[in-house]
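# Fold and contact review
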Amino acid sequence: MTTYAPARSRDQRRQDVHERLAKDEDAWVATAAADGDPCLVPLSFVWHAGTLLMCTRRTNPTARNLTPSGPVRVTLGHTRDVVLVEGTAETVAGRELPAEAADAFAAKLRWDPRDREPWVYVRITPHVVKAWQEENELAGRELMRDGVWLD
């Protein structure tokens, strides 16, 4: 029989998720084309103003799948420390992104794609956030529903 550490409280999980959003730099991003063809890629991100901000080429499947906007799933962590974000994403041209957001992206990731074609930002608004480490945390894994953090 497997023994797990005690399940974290919702407050502790939420704190852990916010820490990962602030400190992690890379995530797996899943989208699908209109015909259902899936796409899974790693992208660097910054958490800014309640959204995940990433960047990719406009011609890459990830950006094409989201044009003009679309559903997306993002995961951080590994199989024993998962953060799963479900939301909607939109592509934003570099010059159209507010300077504060572009500055935050450039500062964290040490790269500024604002004036580089064909790069576009991908801004993801989360609607659902789940986090768990082991089987004993599956029951309480939902931390955000309909874009609102749960108490």
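Placed above this text is the structure.
Residues numbered from 1 in each chain as written. Predicted model: local features only at pLDDT ≥ 70, side-chain atom pairs only at ≥ 80, totals over all residues. Heavy atoms only, no water.

### A closer look at the pattern of salt bridges
What counts here: For this analysis, a salt bridge means a side-chain nitrogen from Lys or Arg found within 4 Å of a carboxyl oxygen belonging to Asp or Glu. Counting from the N terminus, the helices are DSSP H or I runs at least four residues long and the strands are E runs at least two residues long. Throughout this description, buried means an accessible area under 20% of the type-specific maximum (1.4 Å probe, protein chains only), exposed means over 50%, and partly exposed covers the range between.
Per the counting criterion, the structure on display carries 16 salt bridges. For Arg 13, the salt bridge goes to Glu 137, with nearest N and O atoms at 3.9 Å. You can see Arg 13 sitting in helix H1 (residues 10–23) and its partner Glu 137 sitting in the loop between strand S6 (119–132) and strand S7 (142–145), a full 124 residues away along the chain. In this structure, Arg 13 and Glu 137 share a single accessibility class: buried. Residues Arg 80 and Glu 134 are paired through a salt bridge, measuring 3.7 Å at the closest nitrogen-oxygen approach. In this pair, Arg 80 sits in the loop between strand S4 (69–78) and strand S5 (81–93) while Glu 134 sits in the loop between S6 and S7, placing the two residues 54 residues apart along the sequence. A single network of salt bridges, built from pairs that share partners, joins Arg 8, Arg 13, Asp 16 and Glu 137.

### Describing the nonpolar core
Filter applied, for reference: Residues belong to a common nonpolar core when they are buried Ala, Val, Leu, Ile, Met, Phe, Trp, Tyr or Cys residues joined through side-chain atoms within 4.5 Å. By the convention used here, residues are in contact when the closest approach between their heavy atoms is within 4.5 Å.
In terms of nonpolar packing, the biggest core is built from 21 residues, with Met 54, Val 74 and Ile 124 touching the most fellow members. Secondary-structure elements contributing two or more residues to this core are H1, strand S1 (26–32), strand S2 (38–48), strand S3 (51–57), S4, S5, S6 and S7. Top element by residues in this core is S6. It accounts for 4 residues. Apart from the residues lying within four places of it in its own chain, the contact partners of Val 74 are Ala 27, Trp 28, Val 29, Leu 52, Met 54, Val 83, Leu 84, Val 85 and Ile 124. Judged by nonpolar contacts, the second largest core, of 11 residues, contains Leu 97, Ala 102, Leu 109 and Trp 119.

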